[in-house]
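Here's the letter readout for the chains.
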Amino acid sequence: MKIDDLFSIRGKVALITGGSRGIGEMIARGYVANGAKVYISSRKGSDCATLAEELSQFGECIPLPADLGRMDEIERLGAELEKREGKLDILINNAGASWGAPFDEFPESGWDKVMDLNVKSVFFLTQRLVKLLEAAATPDDFARVINIGSIDGIHVSPIETYSYAASKAGVNHMTRMMAKFLAERHIAVNGIAPGYFPSKMTAGIAEDDAKATMEATPMKRRGQPHDMAGIAIYLASKASSFVCGSVIPVDGGYATTA
């Protein structure tokens, strides 16, 4: 098989949550550039619309804003997508939030907000969209769900982000659970555990902490947009057709070699 066919996502329909910035934007840009029809969702409708307008110069990109921390919004997003599409080839569960506070001061609100968006929404959005995923799936070409976890769900972070770390460990293992039971429906579920990529979320990391992370990374750099686009294209293409239940760290070796 030629490499252009092996890694092709041309003509696939994808939904990317948290798609207006950061990791989600990196994946959206890579998908649009390679011929996928991409829906992007985020809480801020203006951000979705702005990026979708820009990316529409290069392919198909449609904004579908939603606050996925709410069950009624998950339902609304599912209904809106069903109005437009009869199938969904790729679901990227990327929307997420973080919260940092010392142990003795960590608030319940910082726990619930992060868990609702980072874990609960991943499960219930996938559940809501499973019929569209099944409609796209065949025994020879599974539909794909790609959950964005984090290396903070693999190693112990030096930063006190308790609910974030717990949520991403949950996402990593939920990916394996979903993979086991959705494979029989011809849906392959895998995860990506990003390391240090530039984003609004990582912009909140103190300069000294960011510098220490860079120094501890064997590759001595941050992740770049093509690093995330590449792994997301791989997991959505024939190149990964026998990959199921994997959580792949993309971190320059930071969490996986310490």
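Per an unreviewed UniProt entry, the chain carries the name SDR family oxidoreductase and comes from Sphingoaurantiacus capsulatus. Its UniProt record, at the heading Sequence similarities (unreviewed entry), says of the chain: "Belongs to the short-chain dehydrogenases/reductases (SDR) family."

(A) Local environment of the overall build of the chain. Secondary structure summary: the chain contains 8 helices and 7 strands in total. Referenced to the eigenvectors of the C-alpha coordinate spread, the extents of the chain come out at roughly 50 × 40 × 40 Å. Per-residue burial over the chain gives 48% buried out of 258 residues. For the chain, the proportion of contacts with a sequence separation of at least 24, taken over those separated by at least 6, is 73%. Of the accessible surface of the chain, which amounts to about 12,400 Å², a share of 54% is contributed by carbon and sulfur atoms. Positive and negative side-chain charges in the chain, numbering 28 and 32 respectively, have mean positions lying 5 Å apart.

(B) Inspection of the packing of aromatic side chains at higher detail. Following the criterion strictly, the structure yields 3 aromatic pairs and no others. Residues Phe 103 and Tyr 162 carry aromatic rings whose centres are separated by 5.6 Å and whose planes lie at 75° to one another, so their mutual orientation is edge-to-face. Remark: Tyr 162 occurs in helix α6 (residues 162–182) and Phe 103 occurs in the loop between β4 (90–93) and α5 (108–136); sequence separation between them is 59 residues. Under the relative-accessibility criterion, Phe 103 is labelled exposed at 58%. The exposure class of Tyr 162 is partly exposed, given its relative accessible area of 32%. The interplanar angle of 85° and the centroid separation of 5.0 Å between the aromatic rings of Phe 123 and Phe 124 together place this pair among those described as edge-to-face. Look at Phe 123 and you get partly exposed, because its relative accessible area is 36%. One aromatic cluster in this structure is built from Phe 103, Phe 106 and Tyr 162.

(C) Broad picture of the side chain of Lys 168. Within the element layout of this structure, Lys 168 appears in helix α6. Buried and without a salt bridge, Lys 168 has Asp 152 as its closest oppositely charged side chain, separated by 9.4 Å. Among the polar contacts made by the side chain of Lys 168, one reaches the main-chain carbonyl oxygen of Ile 148 at a distance of 2.9 Å. The contact partners of Lys 168, leaving out residues within four places of it in the chain, are Asn 118, Ile 148, Gly 149, Ser 150 and Gly 153.

(D) Expanded view of the sheet that holds strand β2 (residues 37–41). The 7 strands lie next to each other as β3-β2-β1-β4-β5-β6-β7, forming an open sheet whose pairing is parallel. Looking at the sheet topology across the chains shown, the edges are occupied by β3 (60–63) and β7 (247–250). Sheet twist, expressed as the average angle between the axes of neighbouring strands with direction ignored, equals 20°. In the sheet, strand β1 (residues 13–17) pairs with β2 via 5 bridges, with the strands oriented parallel. Residue pairing for β2: Ala 14 is matched across the bridge by Val 38. In the packing of helix α3 (residues 45–55) onto the sheet, the strands contacted are β2 and β3, and the crossing angle to β3 comes to about 170°.

(E) Highlighting the pattern of salt bridges. The tally for this structure, following the rule as stated, stands at 14 salt bridges. Arg 128 is the partner of Glu 75 in a salt bridge, and the nearest nitrogen-oxygen pair spans 2.8 Å. Note that Glu 75 is positioned in helix α4 (residues 71–84) and Arg 128 in helix α5, a separation of 53 residues in sequence. Taking the relative accessible area as the measure of exposure, Glu 75 reaches 41% and is therefore partly exposed. Relative accessible area serves as the criterion here: at 19%, Arg 128 is assigned to the buried category. A salt bridge links Arg 128 to Glu 82; the shortest N-O distance between them is 2.9 Å.

(F) Structural detail: the nonpolar core. One finds Ile 27, Tyr 31, Ile 146 and Ile 192 to be the most contacted residues of the largest nonpolar core, which totals 31 residues. Among the elements of the structure, β1, α2 (22–33), β2, α3, β4, β5 (143–148) and α8 (225–236) are those that each provide at least two residues to this core. Ranked by size, the runner-up nonpolar core spans 29 residues in total, among them Leu 125, Leu 133, Ala 137 and Val 145.

Cut-off values and rules
- Residues numbered from 1 in each chain as written.
- Predicted model: local features only at pLDDT ≥ 70, side-chain atom pairs only at ≥ 80, totals over all residues.
- Heavy atoms only, no water.
- UniProt positions renumbered as here; feature names shortened; annotations may be inferred.
- Helix = DSSP H or I, 4+ residues; strand = E, 2+ residues; numbered from the N terminus.
- Buried < 20%, exposed > 50% of the residue type's maximum accessible area, 1.4 Å probe, protein only.
- Contact = heavy atoms within 4.5 Å.
- Areas by Shrake-Rupley, 256 points an atom, 1.4 Å probe, with all protein chains shown as cover.
- Lys, Arg positive; Asp, Glu negative; His and termini not counted.
- Charge placed at Lys NZ, Arg CZ, Asp CG, Glu CD.
- Phe/Tyr/Trp six-rings, centres within 6.5 Å; stacked < 30°, edge-to-face > 60°.
- Salt bridge = Lys/Arg side-chain N within 4 Å of Asp/Glu carboxyl O.
- Polar contact = N/O pair within 3.5 Å; in protein donor to acceptor, adjacent residues only side chain to side chain.
- Pairing = 2+ DSSP bridges.
- Axes fitted to C-alpha atoms, helices over the stretch in contact; angles between N-to-C directions.
- Core = buried A, V, L, I, M, F, W, Y, C linked by side-chain atoms within 4.5 Å.

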